[in-house]
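Inside the fold
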Amino acid sequence: MSSEKIVEHSEAATRFNKDVERVNWHDETLWFVREKRDKSAHQIPDWELLRETASQIKNNVLANMHDYLSDFEANAQKNGIIVHWAADAKEHNEIVHSILQKHEVKQMVKSKSMLTEECHLNDYLADKGIEVIDSDLGEYIVQLRKEPPSHIVLPAIHLKKEDVSETFHEHLGTEKGNFDPQYLTESARRELRDTFLTRKAALTGVNFAIAETGEFVVCTNEGNADMGAHLADVHIACMGFEKLIPQRKHLGVFLRLLARSATGQPITTFSSHFKKPRNGKEIHVVIVDNGRSTQLGRPDFRNSLKCIRCGACMNTCPVYRRSGGHSYHNAVAGPIGSILAPNLDMSKNADLPFASTLCGSCTNVCPVKIDIHDQLYKWRQVLVKEGHTPSSKTIAMKTMATVLANPTVFNLAGKSGRFVMKNIPGLVNNKMNKWYDQREMPEVPEESFREWYKKNSRESKAKKDE
C-alpha cells in the first residue's frame, strides 16, 4: 500500500465536482449503462430466478469454502496447473515475482485484474525492474496517465475521448486533436500488437474458478486475455478465493448474469476456459486471501464475498456517479468497495460507508443479491463503536440524540433554530456548516409542524363541536 496520504471521500468528491460539465457527463453516461442493464434484464422472464439461484450457489460456496478450495487445488494439479497460496498482498506479489524471476522475464503483459490492483502489483514489479503492460484498452489508457482505474469494468469511464486523444498524442505520437474513437482504438491496437507477440509471460485475472474440474474462466470483451495467455510461455492467473463456484454447469447461471449486469450485453464477447497448459507451457494460479478470511468470519459482512465484479452497483449509485471512482481511494470503488475496504483497514477506510444515501438501488441491481445498503449501514455502526469516526461527528450525533429524545428540548431547539435562521443567518450558513456548501438557505417556516398540527387539530375539533 502506498504511503501517500489518503484524501477522504468527501474532499476528493469536492474536487471532482468542480468540473460541473464533466460530473454531469459522468452521471449521465453511467446511468445510460444502468438503463442498458435494465433493458437486458427485462428480456429474460426468469431474471429474478437467476439472481436467486446465483445467490444460493454463492451461499453454498461461502459455507463450504475449505472443501471447494481443496477440490479446486487437487483437480487443477491433476490438470498440470501449478497452484500457489498467498496469505496477503505482499505474499501474492512475491509469488508472481518469483515466477517471473525463474523464467528471467523483464516485461509482462497483463489483462484486467482488480486483485492485482488491490495488491499494487504493478508498482511492486516496477520497483524490481519488471515492466508491466496493461493490455485492456481502458487499463492501458489510465496506465499511460499514471492513474488507477476508476471503475472495475470501465476503468477509464472518468475520461472523455478528448482526454484520451491528448494522452495518446503525448505517449504514442498520435495526431494531435484527433479524438475519433476508431482512430484512437486502432492506434492502441498497433502499439500493443508487439507486446502480445514478444512477451514470454502473461497475467490474467479470474472471473470464475470451478472446483469440480480445476479450470478457470476469464471473461473479456477485447480478447486481450486470450492474446496474452496463448502467445506467452507462462500464464499466471491471480484470484481471490471467493471466485470459486462448485460445478461447471453453474457457469450458465453466472455468465448470463455477469455481462447483462455490467454493460447490458447478453454475454461477454470472450468467455475463455483454461484447464491445462499446452506442451512446453506453464499455467500458475495464485489463490489469495488478503483479508477475505476475516470478512468470511463476519456474519454481517460475509455476503460481500459473493460479488462477481460486474460494477452494476456503481452504475446505479447516485453518489458514485457524481463523485467519481477515484474519490474512494481503493482498487474497488462504489458501494461494493465501501463494504470491502473497511475489512482491510478500518481506520483508512472509515469514511467510505458514509459515502452513500442508503437508497438501496445497489442492492436492487446486484446480480447475486448482496445486501449492500444494509452492510453500509452496519459498517457505520461498527466504525462508530470502534472509534473510527471524527470526534466532531460523534459529539454532534450524541447532541442530536439528546435533543430528539427530549420533547421540551426538541421544541426549544426548533424555535431557536428558526429564530437564528431568520434573524442571524450567518451563524448557520457559513464555511463551518458543510451542508450549505452546495445549498441555498431554505425559507424559514413561521411555525413547526407540531405547532401547525396542534392548531389545526383544535380548529377542526371546534368546527365539529359547532
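The rules behind the values
- Residue indices begin from 1 for each chain and proceed along its sequence in written order.
- Where totals are concerned, whole chains, interfaces and linings use all residues; where local detail is concerned, this predicted model gives features only for residues with pLDDT of at least 70, and gives and counts side-chain atom pairs only at 80 or more.
- To get the side-chain values, take all heavy atoms of the structure and skip hydrogens and water.
- Only C-alpha atoms enter the line fits that serve as axes; for helices the fit covers just the stretch in contact. Angles between N-to-C directions range over 0 to 180 degrees.
- By definition, any uninterrupted DSSP run of H or I lasting at least four residues is a helix, any uninterrupted run of E lasting at least two residues is a strand, and each is numbered from the N terminus.
- Here, residues are in contact when the closest pair of their heavy atoms is within 4.5 Å.
- Residue polarity follows a fixed list, in which Ala, Val, Leu, Ile, Met, Phe, Trp, Tyr, Cys and Pro are nonpolar, Asp, Glu, Lys and Arg are charged, and the others, Gly among them, are polar.
- Pairing between two strands is assigned when DSSP locates at least 2 bridges connecting them.
- What we call a nonpolar core is a set of buried Ala, Val, Leu, Ile, Met, Phe, Trp, Tyr and Cys residues that are connected through their side-chain atoms within 4.5 Å.
- Each residue is placed in one exposure class: buried if its accessible area under a 1.4 Å probe, protein chains only, is under 20% of its type's maximum, exposed if it is over 50%, and partly exposed if it falls in between.
- Multiplying one less than the number of residues by 1.5 Å gives the expected span of a helix.
- Two rings from Phe, Tyr or Trp (for Trp, the six-membered ring) form a pair when their centres are within 6.5 Å of each other. A pair whose planes differ by under 30 degrees is stacked, one over 60 is edge-to-face, and the rest are tilted.
- Only when the NZ of Lys or the CZ of Arg is both within 6 Å of the ring centre and within 35 degrees of the ring normal is a charge said to sit over the ring.
- Residues enter a patch when their relative accessible area is above 30% and they make no salt bridge; the linking distance is 9 Å between like charges and 5 Å between nonpolar side chains (Val, Leu, Ile, Met, Phe, Trp, Tyr).
- Here the accessible surface of atoms and residues is derived via Shrake-Rupley with a 1.4 Å probe, and residues count as covered only by protein chains that are part of the display.
- Between Lys or Arg on one side and Asp or Glu on the other, a salt bridge is scored when a side-chain nitrogen of the former is within 4 Å of a carboxyl oxygen of the latter.

The name recorded for the chain in an unreviewed UniProt entry is 4Fe-4S ferredoxin, from Flavobacterium frigidimaris.

A short note on the packing of helix α10 (residues 181-198) against helix α11 (residues 224-231)
Orientation of α10 relative to α11, taken along the N-to-C sense of each, is 35 degrees, at an axis distance of 7 Å. Contacts from Arg-193, Phe-196 and Leu-197 in α10 reach Asn-224, Met-227, Gly-228 and Leu-231 in α11. For the contact of α10 with α11, the class distribution of residues is four nonpolar, two polar and one charged.

A closer look at the sheet that holds strand β7 (residues 234-240)
Across a sheet, paired strands are connected by hydrogen bonds in the backbone, their directions being either parallel or antiparallel. Sheet architecture is open: six strands sit in the order β1-β10-β7-β4-β2-β3, paired in parallel fashion. What marks the edges here is a single partner per strand, and that holds for β1 (82-86) and β3 (131-134). Direction aside, neighbouring strands of the sheet carry axes that sit 25 degrees apart on average. With four bridges joining them, strand β4 (residues 201-204) and β7 adopt parallel strand pairing. Bridge assignment links Ala-201 to a residue of β7, and that residue is Val-234. Its contacts with the sheet put helix α5 (residues 89-102) on β1, β2 (107-110), β4, β7 and β10 (282-288), and the angle it makes with β1 is roughly 145 degrees.

With respect to the sheet that holds strand β6 (residues 215-220)
Taken in spatial order, the four strands of this open sheet run β8-β5-β6-β9, and their pairing is mixed. Across the chains shown, the open sheet's two edge strands, defined by having one partner strand only, are β8 (244-245) and β9 (270-274).

Topic: the nonpolar core
Formed by 53 residues in total, the largest nonpolar core has its most connected members in Phe-208, Phe-254, Met-314, Tyr-320, Ile-336, Ile-370 and Ile-372. Residues contacting Tyr-320, with those up to four places away along its chain left out, are His-26, Leu-30, Ser-150, His-151, Ile-157, Met-314, Gly-325, Tyr-328, Ala-333 and Gly-334. Among the nonpolar cores identified, the runner-up in size contains 26 residues, and Val-61, Tyr-68, Ile-81 and Ile-283 belong to it.

Observations regarding α5
Taking 1.5 Å of rise per residue, the 14 residues of α5 would be expected to cover 20 Å, and the 20 Å separating its terminal C-alpha atoms lies within 8% of that figure. Within the span of α5, buried status applies to Ala-89, His-92, Asn-93, Ile-95, Val-96, His-97, Ile-99 and Leu-100. One or two steps after α5, the chain reaches Glu-104, where phi turns positive at roughly 55 degrees.

Quick notes on the packing of aromatic side chains
Applying the stated criterion across every chain yields a total of seven aromatic pairs. A ring pair is formed by Phe-208 and Phe-254, whose centres lie 5.6 Å apart and whose planes are at 40 degrees; its orientation type is tilted. Placement of Phe-208 in strand β5 (residues 208-210) and of Phe-254 in helix α12 (residues 251-262) is noted, with a sequence separation of 46 residues between them. Under the relative-accessibility criterion, Phe-208 is labelled buried at 1%. Each ring, one from Tyr-320 and one from Tyr-328, has its centre 5.9 Å from the other, and the planes form 35 degrees; the classification is tilted. By the ring-pair criterion, three or more aromatic residues cluster together here, those being Phe-449, Trp-452 and Tyr-453. The ring of Phe-254 carries Lys-58 above its face, with NZ or CZ at 5.8 Å from the centroid. The residue whose ring lies beneath Lys-393 is Phe-354, and the NZ or CZ to ring-centre distance is 4.3 Å.

Overview of the side chain of Ser-165
With respect to the helices, strands and loops of the structure, Ser-165 is situated in helix α9 (residues 161-172). Accessibility expressed as a relative area gives 3% for Ser-165, which makes it buried.

Side note on a nonpolar patch on the surface
Judged by side-chain polarity, Met-397, Met-400, Leu-404 and Phe-410 come together as a nonpolar surface patch covering roughly 420 Å² of accessible area. For the nonpolar patch, the leading source of residues is helix α19 (residues 391-405), giving three residues. Tracing the chain through its elements places Leu-404 in helix α19. With a relative accessible area of 56%, Leu-404 lands in the exposed category.

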